[in-house]
Each structure stands twice: as C-alpha cells, then as structure tokens.
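Chain and residue survey
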Amino acid sequence: MCLAIPMEILKIEGKTAEVQVGGVRQTIRLDVISEDPAVGDYVIVHAGFALSRLDKEEALATLKLFQEGLNIELT
Amino acid sequence: MERVLLDYGSGGKASHRLIGELFLKYLGNAYLNRLDDAALLDIHGPISVSTDTFTVDPIFFPGGDIGALAVHGTVNDVAMLGARPRFLTCGFIIEEGLPMADLERIVASMGQAARDAGVMVVTGDTKVVPKGMVDKIFINTTGIGEVFVPKPPSGHRAAPGDAILVNGFIGDHGLAILAQREGLTFDAPVCSDCASLNHLIARLLEAIPEVHVLRDPTRGGLATTLNEIAGQSQVECRIFEDRIPVRPEVSGGCSFLGLDPLYLANEGKFLCILPEQYAQQALEIMRSDPLGHHAACIGIVGQDHPGKVVLQTPLGGTRLMDMLEGEQLPRIC
Amino acid sequence: MSLLDSFKDPHLCQAVLERIHAELHGELRFMEVCGTHTVSIFRSGVRSLLPENVVHLSGPGCPVCVTHDSEVALFLELAGKNAIIATFGDLMRVPGPEKRTLKTAQAEGARVRIVYSPFEAIKLAQDNPNDKVVFLGVGFETTAPAIAATLKTAREEGVHNFSVLSFHKLVPPALHALAADPELQVQAFLLPGHVSAIIGVEPYRFLAQQHGIPAVVAGFEPLDILQALHLFVTMRNKGQAEVINAYTRVVADAGNTKAMAMLNEVFMPADALWRGIGLIPGSGLVLRPEYAAHDAMQVFDLTLRDVPQIKGCQCGDVLKGKISPDQCVLFGKACTPAAPVGPCMVSTEGSCAAYFKYRV
C-alpha cells in the first residue's frame, strides 16, 4: 500500500532535509515526522515526506532476537 | 539568439545554408558531399538494415543527447544481426524556434558518434514544422551494415543449455532520463550508458564460432527483451537476480520511485546468448572492453516454462518476470 | 553487511522458514492488507518458498486499487474542466466508467502531471497562477498526513489556485468490516507497517480481543514477513491471539501523534466507497469546512454519482479471502493487467495483478 523506504539525512534546513539512498539525493519535507531527526539518521520516506525515524537500536534488537531464538550467528 | 526558422526547411537558400554550414561541416564525407538526390553505395553480401526514430525529453541529458542516441541506437540494432554497420541515413523533424546552437550541438554530437562507430551518414533530410507540432526535434536514422557471420544471431535461436550474458550495469539510461523529468526532483549521479556496441560485438563474433542471440535491451529494459527472446525461441529464460549488475544509484533511485531497474531503458547494453561452453571466453572479451567491464552471466536458457522468463531471487525463491503493460510510472503504493 | 541488509539475509530467512515448517501443524491462512506486502512476498520469492500449509491471501491492500469507479469518474470530469491535474503515477491507469483512465484523458488533451510528492503540486500551482491545480488525494493513513501538510502550507502561503480532491481511505474501518464478515476465511492478519507508523498499534487490538484473530505489524523485507508468520505459528501453538508490533525499528506503539494531529486538523472521517467491496462507514477522509477553499469537491462543485457495478468481477471475494485470484472466472481472460476490470488487477500491486505477473 505504502511504498516508503529508509533514506539517510545529509542536511536539514527548516522543514526540509536533504536525504540520500545509494548516492541518489532528494529533498524531503519534515512536516509530519514526530521527533526531529539529526544528520546521519535514517528516516522512512513516503511521497517526499519523512514519516518516522528508523531506530537502529530497535533494528539490532530485532535481529538479536533471531540470533538467540534461532541460534544463528549474524554475519 | 539565432533560432531555426520555417525557412530552413523550405528547400531554398536558407536550407542550403543549413546543409552547407551545419550538416556537411559535422557529418560530411565522400558520399554525403555529392549532395545528389540519393547516395550511391557499394555493398557486398547479405545486409542488415534497421530504422529507428528518436524522441527524448530532455534532448540533452547526462551522458549524451538525442544526436548521439540517434547514431548509437541504430548502429547497435544493425550490429545485433552480426553485421558491421557502415552507412546511416538521417531525417530531422525540427520544431520552429529551436535554438541554432542546440541544433549545432546535436549535429556535432552525431558526427562524433558516427566517427567513433565507424559509420558514415550518406543521405539526409530536414523538415522544419510550426511551433508545437513536434517537441523540439525528432530524428530518424536508418542503418545499413554488412553481415559477416554465416549464421546471424536471432531472437529465435536461444536453445536450452545456453548461457545468458549482459555487458554491464542495467538501467543507467532510464534512470538518468527520469532524473531530469519535471515533477520528479531528485539528483542522481548516473549518466546514460548510450554507446555504440558494434566494435565490441565484432570482436566477440570474430572470436566465438557460435553466438545464438544478440539483442539490445532498450525501451522496456532487460525484462522486456528477455521476454521477447523467450517467446521467439519458445524457451525459458532463467535469470539469477543477484547476478544482474545494477548500480547502487540506480537501485536507490528506483527504490523510492517504486520502479524496477529491470524495466528501465538501456542504450549501451546487449544481451548475448550462446552455448555455455563459450560463456567464459565471451565474458573475457567483454570485460577487456571499456563497454563491458562489468559484464556478467546472469542466467541460463531452459525448457521448463517455454515463452516465460523466470527469476530466481537471492532467497532461492522463484517468480515470473513478465512484460510491462506500458512505461513504468513513479508510484506511492 | 549493513544492518538493513540483514533483513534480507538468505540464511536467516531459510532458518525461519525451517522453523515454520517444523512448528506449524495444520493450515495457516494469513492475509496481508498492504499491497507493498503483496509485492514483497512475490518479488522476493518468499511465496514460492512457503510450506504448502501456509496459505497466502491478499486483502484490500492498496488505496489506489480500491478507488471506486464513481471516484475515478470525478477525476475524469475534472480532467474535462481545464484544470491541471497533479497525481501520483499509480492512478494513471485506474479505469473508470467505460474503461476510461487518466491516460486516455491525457491523450484527449487533459493536462495531467505526475508528481512524486504532493508538495510538488503546490509548486505547480505557483508556476501556473492563471490555472487551477488539483491534486488527486488518494492513499491510506500513511499518505494522508503528507497531503494534510501540503494543504496547510497552501493555506498559510495563500496558494489560492490549489485544491485537493480527497478520496483517502482508512484501514481500521476496512478491517472491522472484514473481520465482521462471517464468511471471512482468514486466521491471521499481517498488518501494514507504514500505516501503522502513523496510527500505531492500538486501532488493531479489536482483531484479537473481539474476533480472536492474531495480527502482527510487520516490515517489508523478507525476514520481516517470515518473522511475522513465525509469530502466528508460535501464538497458535500457545493457544494465544494477540496483536504484536514486530516492526519496532519504524513503528512506535503509539504511532506518530504529530502526523495524526495534522491529519485530524485538515480532514474528518466520512463514509467511503471501496471498489469491489462497496460502502464502508467512516472509512474515508474529507476536508474540514475550514479548508473549503482548497476542497476540489466545492471549488468545482462536484457530486459523486452512482455507477453500475462491474459484472462478473469477484474482487469482493478475493479481497475477503474467500477465493484466490485465479479462481475468479474473469482472471487472466476478461481481466488482465492490460485491461483490468476490478481493483485487484488495477494496481501494479493489487492481489490479482501480483498473481498474474509474478507467479510461475
């Protein structure tokens, strides 16, 4: 339904930010994201708007669950 | 700023000035300079002929322009039949008001592309139409080449057991053009791959005795061309997704627009399908050429699903890779 | 390997698949209600790797493909009114009455511009001050806040020639309607990650509490999807039904309160028509009266009109999981991606289109 992908914040100017994925840059809006992102953060971008910040700690925690639950070493 | 006027297509003095000062200057050669009604050509054996009409928006884009594209595109089509492209014809339809400097840049670029490919523009035509009747400039080129292999490659000749090779990164041209479109504001460090492939193809065909299919995946991209081949040869093309060369910039740009690089246009790529025993040699030849550094074997020809292209994903799953209905549009869903 | 690539890791995915194989007893019929899930499940090859007793059903997962014929009719009516239409690319091929689309309207001379972001439509309006620019507002809760923000900006900056035709749809009311259908053949719901990033987890609790159906909010990588399936299996084996947020790297349980506030400031709920399903109470969003000057319904004095139902189309049954796409009599014959009849074939990620395009 909703195509949204993680992009890295390169620069923030007021309500807009410059983001990149794979070296492709784009300017997005920060009107609807609830917490102010910082340069270097990944945000989930949909239709030119940041929806939310991608929480790296939570991502690691999810992967750790697999590691423990499945007895698999992460590469 | 000097602009192209309707007079330039009138056949009068203005037309003659355009021919002398622009076309002959950049494209001139012994055949064209005669300025007869037709060109007298000296060709031997079976010939390969192809025609294509080029429209592109914008007309200048990173990595090329409509002029270079009009040469490369037709040269490549002629070469895919196992031929050495030799001659081009060229027809321009120009919108009144096009800056003369733009036209000169386009024609100069065509001249350079033709010299690089080793082909000559031998006859041409120019029409100027009132503003709004065409978008800036359309170019038609027809190419003629001499076939130099006994059994020309063809989309009908893919056979089970063949390897499927491609000479490098997929989707560069499509993304480079898309990045210039109005309404899509993004900045992609990607250039069009537009290039003439005839020299590389000649080296390949001179070294390898059996090449079944050569095809350039232009509009519709890799996926569409593979589907055409699978259909013509009534075989299955099985492609391994993680072996397809795609630049991170191209997959990045595609990711947020909701596009698939496998359906993006290429202008300097070709698919080569040949018996598996020659695959390694062919890859080495490609990789030794600047236009084939990133060549890869991306799949094999099988017979399980005749007429279909089956993609094997990095997870080991499979899915169908179908033809698209029309051009890909950026999407939110 | 980068952190996010780990969610595509073949070895991890394989291990989870083996777990599902070993621990699942009987049949698991799960439904995703998000077209991006549909596409991910097919494109990644996950679907071809699932055990036979895992049955994948696609629900009403795409706000574009559920856009009703009568709504498309209004797009086309607008196209005839000499307005500049700004739209997401998705809508271009959605057929309205007599199979007309924005593509055909464009060919007839309508000015239709594809934009990636609704914000670009404001710029379009500023660049064309003598024209009226209408943005076609479709999307679920994920998209609606972005369009709300765009409308707010247009109002603040006095972009008078900009309006929105709002046919947004809401996910929880559709889930309520689905879950209440006694014929529904679904044992678990894979919940949409990006809608959830906005609305949070609370609006789904009723699935478990009232209907005893387990549900998982999941991301879109293969591992996310397989993890959700494994959670279904685990819950079943424990005799539990819960609503679990497994996409914690993006989704906060409370959702995005700022986005929700913005959405509610600009829009209010209304009944809405869903292609293939019909009317679902409170499942749409219309502009609040304060935004009347930017509401295309009022600016252009439009009225939604009834259009006849499509004959033979079983999208309603597909969307409810009663039949799989290929069980519909029209599938692949009268209804193909080239000439779609129902919503599930309309969108590139509709359940029927995905079935048609990706299944070997």
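Anything mentioned here points back to the structure above.
Quick summary incoming for the structure in this document. (Residues numbered from 1 in each chain as written. Chains lettered and ligands numbered in written order. Predicted model: local features only at pLDDT ≥ 70, side-chain atom pairs only at ≥ 80, totals over all residues.)

Turning to the overall build of chain C, a few remarks are in order. Broken down by element type, chain C carries 16 helices and 12 strands. At 21 Å, chain C has a C-alpha radius of gyration in line with the 21 Å of a compact globule built from 360 residues. Overall, the C-alpha framework of chain C stretches about 65 × 45 × 40 Å when taken along its three principal axes. Counted over contacts in chain C with a minimum sequence separation of 6, partners at least 24 positions apart contribute 76%. (Helix = DSSP H or I, 4+ residues; strand = E, 2+ residues; numbered from the N terminus. Rg over C-alpha atoms; globule rule 2.2 N^0.38 Å. Contact = placed C-beta atoms within 7 Å.)

We now examine the sheet that holds strand 5 (residues 133-137) of chain C. All names here are of chain C. The four strands are arranged 4-3-5-6 in an open sheet whose pairing can be described as parallel. Each of the sheet's edge strands pairs with one partner strand only, and the pair in question is strand 4 (111-114) and strand 6 (162-166). For this sheet, the mean angle separating the axes of adjacent strands, direction not counted, is 25°. Examined bridge by bridge, strand 3 (residues 84-87) and strand 5 share three bridges and lie parallel to one another. The residue bridging I85 from the neighbouring strand is V134, located in strand 5. (Pairing = 2+ DSSP bridges. Axes fitted to C-alpha atoms, helices over the stretch in contact; angles between N-to-C directions.)

This part covers the environment of C:L226. Residue and element names in this part refer to chain C. Mapped onto the secondary structure, L226 falls in helix 11 (residues 222-238). Taking the C-alpha atoms as reference, L226 lies 9.5 Å from I41; in sequence the two are 185 residues apart. Beyond its immediate sequence surroundings of up to four residues, L226 is in contact with C13, V16, L17 and V46.

Residue-level contacts link 38 residues of chain C with 29 residues of chain A. Sort the elements by how many residues they give to the side of chain C that touches chain A and helix 1 (residues 10-23) of chain C lands first, with five residues. A breakdown of the residues in the side of chain C that touches chain A according to their chemical character gives 23 nonpolar, 12 polar and three charged. (Nonpolar A, V, L, I, M, F, W, Y, C, P; charged D, E, K, R; others polar.)

Residues and elements named next belong to chain C. The first and last C-alpha atoms of helix 1 sit 20 Å apart over 14 residues, in line with the 20 Å expected at 1.5 Å per residue. Within helix 1 the residues assigned to the buried category are L12, C13, V16, L17 and I20. The buried side chains of helix 1 occupy one side of the element, clustering within an arc of 135° when seen end-on. Helix 1 presents E18 and A22 as exposed residues on the side facing more than 90 degrees away from its buried surface. (Expected span 1.5 Å × (residues − 1). Buried ≥ 20, exposed ≤ 12 C-beta atoms within 10 Å, placed from the backbone. Arc of directions from axis to C-beta.)

A word on the interface of chain B and chain C. Opposite the 21 residues of chain B that make contact, chain C presents 37 residues. With three residues, the top contributor of residues to the side of chain B that touches chain C is strand 14 (residues 318-320) of chain B. Class assignment of the residues belonging to the side of chain B that touches chain C gives a composition of 10 nonpolar, seven polar and four charged.

All right, on to the packing of helix 1 (residues 13-27) of chain B against helix 3 (residues 100-117) of chain B then. Residues and elements named next belong to chain B. It is at 8 Å that the axes of helix 1 and helix 3 come closest, and there the two elements cross at 20°. As far as their axial angle goes, helix 3 and helix 1 are roughly parallel. Along this stretch, helix 1 crosses helix 3, giving a crossing that reads as right-handed. Of the residues in helix 3, those in contact with L22, F23, Y26 and L27 of helix 1 are L103, E104, V107, A108, M110, G111 and A114. Here the contact of helix 1 with helix 3 is built from residues that sort into nine nonpolar, one polar and one charged. (Parallel < 35°, antiparallel > 145°, perpendicular 65-115°, else oblique. Left-handed = near helix turned anticlockwise from the far one by under 90°.)

Before going further, it helps to spend a moment on the pairing of strand 1 (residues 5-13) of chain A. Residue and element names in this part refer to chain A. In the sheet, strand 1 pairs with strand 4 (residues 42-46) via four bridges, with the strands oriented antiparallel. Within strand 4, the position partnered with E8 by the bridge is Y42. Across five bridges, the pairing between strand 1 and strand 2 (residues 16-21) is antiparallel. Each bridged residue has a counterpart across the sheet, and for I12 the counterpart in strand 2 is A17.

Moving on to unusual backbone geometry. Residue B:P58 is reached from B:D57 by a cis peptide bond, and omega for that bond is 5°. Structurally, B:P58 can be placed in the loop between strand 1 (47-54) and strand 2 (60-61). One non-glycine residue, A:A47, lies in the positive phi region at around 50°. By the element assignment, A:A47 lies in the loop between strand 4 and strand 5 (49-53). In this structure, C:N82 takes a positive phi of about 65° despite not being glycine. Classification of C:N82 by C-beta neighbours within 10 Å gives exposed; the count is 11.

Ranked by size, the top nonpolar core spans 256 residues in total, and within it A:V43, A:V45, B:C272, C:I85, C:V134, C:F189 and C:V216 carry the most contacts. With eight residues, the single largest contributor to this core is helix 2 (residues 66-79) of chain B. No fewer than three residues from each of domain 1 (6-147) and domain 2 (162-320) of chain B sit in this core. (Core = buried A, V, L, I, M, F, W, Y, C linked by C-beta atoms within 7 Å. Domains from an automatic or database assignment.)

Tracing the chain through its elements places C:L24 in the loop between helix 1 and strand 1 (28-32). Between the C-alpha atoms of C:L24 and C:E242, which are 218 residues apart in sequence, the distance is 17 Å.

Spatial relationships are all this shows, so hold off on functional conclusions.
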